[in-house]
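The primary structure of each chain is shown beneath.
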Amino acid sequence: MPVKVWTVAAQKGGVGKTTTVVSIAGSLARRGYKVLLVDLDPHGSLTGYFGFNCDVVEPNAYGLFEAAANHEYRDVRSCIVETQETPGISLVPSSTALVSLDRRYGQQRGMGGVLKKCLDELDHEYDYCLIDCPPMLGILVVNALVACSSLIVPVQTEFMAVSSVERLLRTLEMIQRSSGLAVPYTVVPTMFDRRTRASHDSLARLRARPDIQQWPDVIPVDTQFREASRIGLPLTCWQPRARGSRAYEELLDHLKGFDQPQALLRAG
Ligand SMILES: Nc1ncnc2c1ncn2[C@@H]1O[C@H](COP(=O)(O)OP(=O)(O)OP(=O)(O)O)[C@@H](O)[C@H]1O
Ligand SMILES: [Mg+2]
C-alpha cells in the first residue's frame, strides 16, 4: 500500500497547523502506524517540537529541493531523522534555508512537484506522511498540495475564519486546475472556546456554509497543548485522555473513514 499523504495547511498563522500535525501523528503512532512527518515551514516549529534546531539540523528538506533544482537525485530516505522520544514517528526536518526557495528556484520548471516525486518513492516503510506548511503561499505550499492525497485545513474559531478558508480553497482550486489532481479536503475548527461569543459566532458562520467540507466537531481550547509542546511529546501520546487528545482521536477516526471511500472510488 502506498503511503497516505495528508497535508495540513492554512493561509493564516497560529491557527493550529503544527499542533494538528503533531497530535494526529501521535494518535497514529499510538495505533501502531509508522508515520513520516515533513516540515516545510522555514520557521521549523514542527522540527523544534521534536528537539531539532532548523538552523543547523542535517539532513533537512532543503536538500531535496536543492538536488532537484540541480537535476541531481536525492533519496528522501537520506533526509529523514528519527525522533528520540516518540517511536513510530520520523521526520524530514525543516531548514531556515527554505525561506529562500521561492526566490532561488520558484520560477524553475518542475519545482512544484519535487516533494510528490520524492514521496512516491516511499513504499512500505511508512503508513502515513503528514506535511506541515508555512502560513504564506509559495512554492512550499504548492509542493505540499501537489503531494497529498488529503488536505486538512485548521481554522481558528474566531472572526474572519471563513474568509481565510475561502482563500486557501481558491488556491487549491487553482492548483487542481493546473495539475489535474483533485484533492479532498476537510476544514477543522480549532481552539474552540465554548465560553466565548466569538467562537460560537464564527463556528455558526462556518456551519452555515454547506459548500465547505468540514468536520462536524471541533478541537477545543486546551492549555495542555502548550505544556505538551514544552515537553516535546504529542499531547495524544503524553495525555491521551486530555480533552484535546480525545478530540484529535475523533478527528483521526473521521479522516480515516473519509480516506477509505476515496481509495475505493479511485480503485473502482
Ligand atoms: N486547541 C488548542 N488549544 C490551546 N492552545 C492551542 C491549541 N492548538 C494550538 N494551540 C497553541 O497555539 C499556538 C499556535 O499553534 P500552532 O503552532 O499549532 O499553530 P500554527 O498554525 O502551526 O502556527 P504558525 O502559522 O506560526 O506555524 C501554540 O502555542 C499551540 O500550543
Ligand atoms: Mg506551524
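Every value quoted in this text rests on a predicted model; they were computed, and no experiment measured them.

Next up on the list: the side chain of Lys-17. Its location among the elements puts Lys-17 in helix H1 (residues 17–30). Within the buried set, Lys-17 has no salt-bridge partner at all; the shortest N-O distance to an opposite charge, 6.3 Å, is to Asp-132. With residues near it in sequence (within four places) discarded, Lys-17 still touches Val-8, Ala-9, Ala-10, Lys-12, Asp-132, Cys-133, Pro-134, Pro-135 and Pro-154.

Looking now at the site of ligand 1. In the region of ligand 1, 16 residues are neighbours, and Lys-17, Thr-18, Thr-19, Pro-220 and Asp-222 sit closest. Within the backbone of Asp-222, a nitrogen or oxygen atom sits 2.9 Å from a nitrogen atom of ligand 1. Relative to its free-state accessible area of 620 Å², ligand 1 is covered by the protein chains to the extent of 79%. Counting residues per element, the ones that place at least two in the shell around ligand 1 are H1 and helix H9 (224–231). At three residues, H1 tops the list of elements feeding residues into the shell around ligand 1.

Looking now at helix H8 (residues 197–207). Turning to H8, its buried residues are Ser-199, Ser-202, Leu-203 and Leu-206. Buried residues in H8, looked at end-on, bunch into an arc of 105°, giving them a common side. Buried residues along H8 sit against strand S6 (150–156), helix H7 (161–179) and strand S7 (185–190).

Thresholds, definitions, all that
Residues numbered from 1 in each chain as written. Chains lettered and ligands numbered in written order. Predicted model: local features only at pLDDT ≥ 70, side-chain atom pairs only at ≥ 80, totals over all residues. Heavy atoms only, no water. Helix = DSSP H or I, 4+ residues; strand = E, 2+ residues; numbered from the N terminus. Buried < 20%, exposed > 50% of the residue type's maximum accessible area, 1.4 Å probe, protein only. Lys, Arg positive; Asp, Glu negative; His and termini not counted. Salt bridge = Lys/Arg side-chain N within 4 Å of Asp/Glu carboxyl O. Contact = heavy atoms within 4.5 Å. Near = heavy atom within 4 Å. Polar contact = N/O pair within 3.5 Å; in protein donor to acceptor, adjacent residues only side chain to side chain. Areas by Shrake-Rupley, 256 points an atom, 1.4 Å probe, with all protein chains shown as cover. Arc of directions from axis to C-beta.

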